[in-house]
Amino acid sequence: MPLKKRAFSDDEIAIFDDAVIYKRGEYWHFRMWLAGEGKYARKSLRTRSRSTAIEKGNEAYLEIYANAKAGKTYFSIT
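Everything quoted here is computed from the prediction, not taken from an experiment.

S.K.: Account for the pairing of strand β3 (residues 27–34), with residues named and values stated.
M.R.: As defined by bridge partners, strand β2 (residues 19–24) adjoins β3 across 6 bridges and the pair is classed as antiparallel. Within β3, the residue paired with R24 across the bridge is Y27. Linking β2 back to β3 in an antiparallel pair, the connection comprises 2 residues, with G25 at a positive phi of about 70°. Sheet analysis places β3 next to strand β4 (residues 39–44), joined by 6 bridges and oriented antiparallel. Within β4, the residue paired with M32 across the bridge is A41. Between β3 and β4, which pair antiparallel and follow one another directly, the connecting turn spans 4 residues, one of which, G38, has a positive phi of 70°.

Next comes the structure, spelled out in structure tokens:
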């Protein structure tokens, strides 16, 4: 499901049209809505660098997406 939000602030970046990385304080975080579970998958990216956050956000998205395709739930693997 694509994001409903279309306008993002300087501290928010859309990842693959389904997830967002955003800055909270000094650190970047990842958030993705899981429709099948009715919850957000949230994760600290543990970085202050914008470019590193984008890379880690892409990796987190692909990991969650692959596990969902394999039939695993996010909250059972964390």
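More follows now that the structure is in view.
S.K.: An account of the sheet that holds β4 is requested, with residue identities and associated values reported.
M.R.: The strand order across the open sheet formed by 4 strands is β1-β2-β3-β4, and the pairing between neighbours is antiparallel. Whereas interior strands pair on both sides, the edge strands pair on one side only; in this sheet they are β1 (12–15) and β4. On average, adjacent strands in this sheet sit at an angle of 25° to one another, irrespective of strand direction. Here 4 bridges tie β1 to β2, and the two strands are oriented antiparallel to one another. Within β2, the position partnered with E12 by the bridge is Y22. The strands touched by helix α1 (residues 50–69) are β1, β2, β3 and β4; relative to β3, the strand with the most contacts, the crossing angle is about 25°.

Reading the values: rules and limits
Residues numbered from 1 in each chain as written. Predicted model: local features only at pLDDT ≥ 70, side-chain atom pairs only at ≥ 80, totals over all residues. Heavy atoms only, no water. Pairing = 2+ DSSP bridges. Helix = DSSP H or I, 4+ residues; strand = E, 2+ residues; numbered from the N terminus. Axes fitted to C-alpha atoms, helices over the stretch in contact; angles between N-to-C directions. Contact = heavy atoms within 4.5 Å.

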